Amino acid sequence: MKAKKNNPITLEQFKDKNYGKRGTQKREQLEAGYQHFKIGFLLQEARLEKGLTQEELADRVGTTKSYISKIENDVKEVRISTLQKIVEVGLGGRLQLSILL
């Protein structure tokens, strides 16, 4: 049996091939969706690192466990001011944003 030739591609090459180049509608939808997922994932990761349950975090910031869960699971978008409160008040951290051009 012949061995398969292994030609790995980068993530950017995969996205270009399957979703088009940056600037196309399909690709921009993919990138936007990734950013929402990333925020939820980062929030969950920070919460777990602090040893908090969703309910404990929600209590600290005056919201519900359900709301925290929806943010972490990309069901609900979060306002920057709310995210800042969750990070600073709930997790004792600091929110940093950047714009890349």
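Criteria and thresholds
Residues numbered from 1 in each chain as written. Predicted model: local features only at pLDDT ≥ 70, side-chain atom pairs only at ≥ 80, totals over all residues. Heavy atoms only, no water. Helix = DSSP H or I, 4+ residues; strand = E, 2+ residues; numbered from the N terminus. Buried < 20%, exposed > 50% of the residue type's maximum accessible area, 1.4 Å probe, protein only. Axes fitted to C-alpha atoms, helices over the stretch in contact; angles between N-to-C directions. Parallel < 35°, antiparallel > 145°, perpendicular 65-115°, else oblique. Contact = heavy atoms within 4.5 Å. Nonpolar A, V, L, I, M, F, W, Y, C, P; charged D, E, K, R; others polar. Core = buried A, V, L, I, M, F, W, Y, C linked by side-chain atoms within 4.5 Å.

The name an unreviewed UniProt entry assigns to the protein is Helix-turn-helix transcriptional regulator, from the organism Danxiaibacter flavus.

1. Some points on unusual backbone geometry
Of note, the phi angle at Asp-74 is positive, near 60°, even though the residue is not glycine. With respect to the secondary-structure elements, Asp-74 resides in the loop between α4 (65-72) and α5 (80-90). Looking at Asp-74, the relative accessible area reads 36%, which means it is partly exposed.

2. Quick look at the packing of helix α3 (residues 54-61) against α5
Here α3 crosses α5 at 100°, and the two axes come no closer than 9 Å. Considering their axes alone, α3 and α5 lie roughly perpendicular with respect to each other. For the pair formed by α3 and α5, the contact residues are Leu-57, Arg-60 and Val-61 on the first element and Lys-85, Ile-86, Val-89 and Gly-90 on the second. A class-by-class count of the residues in the contact of α3 with α5 yields four nonpolar, one polar and two charged.

3. Focus: the nonpolar core
Leu-43, Leu-52, Leu-57, Ala-58, Val-61, Tyr-67, Ile-68, Ile-71, Ile-86 and Leu-91 form the largest nonpolar core, which has 10 residues in total. When residues of this core are traced back to their parent elements, those giving at least two are α3 and α4.

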